[in-house]
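Residue-level listing of the chains:
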Amino acid sequence: MKFPYNDKVLENFKNPKNVGKIEDADGKSMVGSPACGDMVAVYIKVRAEDHVIIDAKFESYGCASNIATGSIITELAKGKTIEEAKKISWKDASDALGGLPKIKAHCSVLAVEGLREAITNYEEKNGLVVEKKETTVELIERRLKNVMNPLTGLDIVRGNLVKSIEIKDGVVSIVVDLPQEHIFANNIRDEVKEKIENLWDVKEVILKFSDQ
Amino acid sequence: MIYLDNSAATRLDERVHEAMVPYFFEKYAVATSEFGYSLGIVARETLDEARNDLAAIIKGNDEEIIFTSGDTEACNMALKGVAYSQMKKGKHIIVSKIEDFPVLNTAKAMERDGFKVTYLPVNGEGLVDPEELRKAITKETTLVSIQHSNQEIGTMQDIASLGRVCREAGVLFHTDATHTFGRFGFDMGQLPVDLMTMSSHTIHGPKGDGALYKRKDVPLQKWMDGGYQEFNLRAGLENIPGIVGFVKAAKLMNEEENSMVRSMRDRLMDELLKEIPDTMLNGHRQKRTPQNANITFHQVEGESMTLHLDMKGIEVSTGSACFSRSLEASHVIMGIGGNHERAHGSIRFTFGRYNSMDEIPEVVSSMKEIVARLREISPLKR
């Protein structure tokens, strides 16, 4: 039999570690939506005195690479301080899994975001973050680093696909350097919107392609 | 292995293979050499016979059959060939929203050439309302293309009624019959259909073969240029082994097998819907092709299900975005009013000649186990 994933990914998919809820979690998150195809919930228990993650669990409504990444990311997070855990990247997760298909980057990056959101949730609950920050071009760019081009497996920022970002009166305008007819144009549009739309001071996201 | 993806491709029948073999090693000339030498004459006769046999199957005439490289080419030929030849009359065509890519993406490409395309909506079961079609036809309309049955959910349109609406309005009608050809009796003498796409890959024939039926007086502009083959409507060497295989496969399709396929499908469909909670059938329960069952398993994602099934040796397909080349959820499930979750959780099971009733219990028990397991880890679970 042939599978589209390596043995390590398959093992983490078949028998994912750290599955389930933590009822009295110190931080939790739910990222993604059925619309983008995947959803991940991450729960963490954090030791108050040194902010070390002592337990992490996840739930996934997603494809194989999403489930496998949820499994590996919760493994990687355990025993790390929240500062260290925040730095775990999609690349770290993918490396720990022995590599993921490029086209699946967008499904697995979600678990990474889920962990970061759970940490933010913990920080917010414990007064570790101060006031709401204004949305800036830099912040948008950082968020767009979580939108993957399924053809290359690179995010659209590092892949130089983001032509311009403008913010005016809560309206974010982004031009993506791909033609409208690109096979992944609709997918990238949905993902970009999803990453930006829920920022507290963003009213609307307008995404255009280079030939629009 | 239990293969339940027969609407994607079917296993070749040995008898089809056997019929094709001589045309690779002994009778390998092409029909255009008929005035040159004996092998050319053999090729011409073979081609004529195949055309005659296929015409007889659908009760049409020989000169109404144009062999193509499959359904994609036939659909391109029907849409572009008719619409471009009728540009003086108008540049409007009508297709349904849930067509397969050969029609849907041809229509989209034509929009770039200045054609206006109406994408007709369908109801919750995937049916086009003939009245809606009547209302959508304008003076500018030259062609309507509505599939005979749907590739994903199996719903069968009432093409006789839709064709009559077109006749009354003086508009040509094409139907993509890729998933019904061989499974239903067609009588082109009676059916108000002007053009019809047929394919070999869904009936245990070779891939890359098919035909377009084109009623005699229908104008068609040649759009692939080259030689004068196929009544000067389709340039390119005739794929004689492929054509022979395709027509042999068409002849082997029979009613007995279709009812066997239907009873296997019915059993799987009924057991899955009964034994697994939170499931729903996609498509019309009665008006559907005998080989197709399409079921949504709520709260779980399709690619995870197909991979688990694959590990158990069961092969199916899904409408999930993660499974598709463009990472988009099935336009068919969305078109019948479904949401993303319904599309992502949909699994298509399609039967063929080489399936057996014995396979059903294993598929049902595997699905039960897999769905329960994935629901266990799903944040959407109830």
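Residues numbered from 1 in each chain as written. Chains lettered and ligands numbered in written order. Predicted model: local features only at pLDDT ≥ 70, side-chain atom pairs only at ≥ 80, totals over all residues. Heavy atoms only, no water.

What follows deals with the sheet that holds strand S5 (residues 141–145) of chain B. All names here are of chain B. Reading across from one edge, S2-S8-S7-S6-S5-S3-S4 is the order of the seven strands in this open sheet, with mixed pairing throughout. Strand pairing shows two members of the sheet lacking a second neighbour, strand S2 (65–68) and strand S4 (116–120), which therefore form its edges. In this sheet, neighbouring strand axes are inclined to one another by 20° on average, regardless of whether the strands run parallel or antiparallel. Where strand S6 (residues 172–176) meets strand S7 (residues 195–199), three bridges bridge the pair, whose relative direction is parallel. The residue bridging Thr 175 from the neighbouring strand is Met 196, located in S7. Along the sheet face, helix H3 (residues 38–57) touches S2, S7 and strand S8 (210–214) and points at about 115° away from the line of S2. Sheet contacts for helix H7 (residues 159–169): S5 and S6; angle to S6, the most-contacted strand, approximately 155°. (Pairing = 2+ DSSP bridges. Helix = DSSP H or I, 4+ residues; strand = E, 2+ residues; numbered from the N terminus. Axes fitted to C-alpha atoms, helices over the stretch in contact; angles between N-to-C directions. Contact = heavy atoms within 4.5 Å.)

Okay, the environment of Pro 192 of chain B next. Residues and elements named next belong to chain B. Relative to the helices and strands, Pro 192 resides in the loop between S6 and S7. For Pro 192, a relative accessible area of 7% gives the class buried. When the C-alpha positions of Pro 192 and Arg 167 are compared, they lie 7.1 Å apart, and in sequence the two are 25 residues distant. (Buried < 20%, exposed > 50% of the residue type's maximum accessible area, 1.4 Å probe, protein only.)

All names here are of chain B. Under the defined criterion, the tally for this structure stands at four aromatic pairs over all chains. Where Phe 67 meets Phe 246, the ring centres are 6.4 Å apart and the plane angle is 85°; that geometry is what we call edge-to-face. Taken together, the residues Phe 67 in strand S2 and Phe 246 in helix H9 (residues 240–252) connect sequence positions 179 residues apart. Across the pair, Phe 246 and Phe 67 agree in class, each one buried. (Phe/Tyr/Trp six-rings, centres within 6.5 Å; stacked < 30°, edge-to-face > 60°.)

Facing the 26 residues of chain B at the interface are 34 residues of chain A. Taken over both partners, the interface formed by chain B and chain A buries close to 2500 Å², and the fraction arising from carbon and sulfur atoms is 65%. A per-residue breakdown of the area chain B buries against chain A is headed by Leu 327, Ile 377 and Pro 379 of chain B, which together make up 25% of the total. Applying the counting criterion to the chain B and chain A interface returns two salt bridges. Between Glu 181 of chain A and Arg 112 of chain B there is a salt bridge; the shortest N-O distance is 3.3 Å. There are ten residue pairs in polar contact (both at pLDDT 80 or more) connecting chain B and chain A. For the side of chain B that touches chain A, the secondary structure elements donating two or more residues are helix H11 (302–311), helix H13 (340–344) and helix H14 (359–376) of chain B. (Buried area = accessible area lost by both parts, 1.4 Å probe. Salt bridge = Lys/Arg side-chain N within 4 Å of Asp/Glu carboxyl O. Polar contact = N/O pair within 3.5 Å; in protein donor to acceptor, adjacent residues only side chain to side chain.)

On average, residues of chain B score 95 in pLDDT, and 99% of them reach the 70 mark or higher. Model confidence for the complex is summarised by a pTM of 0.90, with the ipTM given as 0.84. (pLDDT = per-residue confidence, 0-100.)

Turning our eyes to something else, we now look at helix H7 (residues 185–197) of chain A. Residue and element names in this part refer to chain A. Between the first and last C-alpha of H7 there are 18 Å, a value that for 13 residues agrees with the 18 Å anticipated at 1.5 Å per step. For H7, the complete set of buried residues consists of Ala 185, Asn 187, Ile 188, Glu 191, Val 192, Lys 195 and Ile 196. On an axial view of H7, the arc spanned by its buried residues comes to 160°, and they lie on one face. The elements touched by buried residues of H7 are helix H5 (105–125), helix H6 (137–144), strand S4 (148–149), strand S7 (171–176) and strand S8 (204–209). (Expected span 1.5 Å × (residues − 1). Arc of directions from axis to C-beta.)

This next bit is on empty space enclosed by the protein. All names here are of chain B. Going through the model one piece at a time under the given rule, you end up with two cavities of 30 Å³ or more. Here the largest cavity defines a volume of roughly 40 Å³. Within the lining of the largest cavity, the residues separate by chemical class into five nonpolar, five polar and one charged. Considered as a void within the structure, the second largest cavity measures approximately 40 Å³ in volume. As for the second largest cavity, its lining consists of Asn 6, Ser 7, His 179, Arg 183, Thr 202, Gln 291, Thr 350 and Phe 351. Across the lining of the second largest cavity, the residue classes tally to one nonpolar, six polar and one charged. Both domain 1 (14–252) and domain 2 (254–376) contribute no fewer than three residues apiece to the lining of the second largest cavity. (1 Å grid on protein atoms, 1.4 Å probe; cavity = no way out; pocket = protein on both sides within 12 Å on 5 of 7 lines; lining within 4 Å. Points joined across faces, edges and corners; volume = space filled by probe spheres on them. Nonpolar A, V, L, I, M, F, W, Y, C, P; charged D, E, K, R; others polar. Domains from an automatic or database assignment.)

On to the pattern of salt bridges. Residues and elements named next belong to chain B. In the structure shown here, the tally under the stated rule is 31 salt bridges over all chains. Linking Glu 131 and Arg 134 is a salt bridge whose minimum nitrogen-to-oxygen distance equals 3.1 Å. With a gap of three residues between them, Glu 131 and Arg 134 both fall in helix H6 (residues 130–136), about one helical turn apart. In this structure Arg 134 comes out as partly exposed when scored by relative accessible area, which is 38%. Between Glu 168 and Arg 134 there is a salt bridge, with the nearest N and O atoms lying 2.9 Å from each other. Taken together, the residues Glu 168 in helix H7 and Arg 134 in helix H6 connect sequence positions 34 residues apart. Taken together, the shared-partner salt bridges in this structure form one network comprising Asp 13, Arg 15, Glu 257 and Arg 353.

A separate point is the packing of helix H1 (residues 7–14) of chain A against helix H2 (residues 64–77) of chain A. In a pair of packed helices, the angle between the axes and the distance between the axes together describe the arrangement. Residues and elements named next belong to chain A. Here H1 crosses H2 at 85°, and the two axes come no closer than 8 Å. Classified by the angle their axes make, H1 and H2 are roughly perpendicular. Across the interface between the two elements, Val 9, Asn 12 and Phe 13 from H1 touch Ala 64, Ile 67, Ala 68, Ser 71 and Ile 72 from H2. In terms of residue class, the contact of H1 with H2 is built from six nonpolar, two polar and no charged. (Parallel < 35°, antiparallel > 145°, perpendicular 65-115°, else oblique.)

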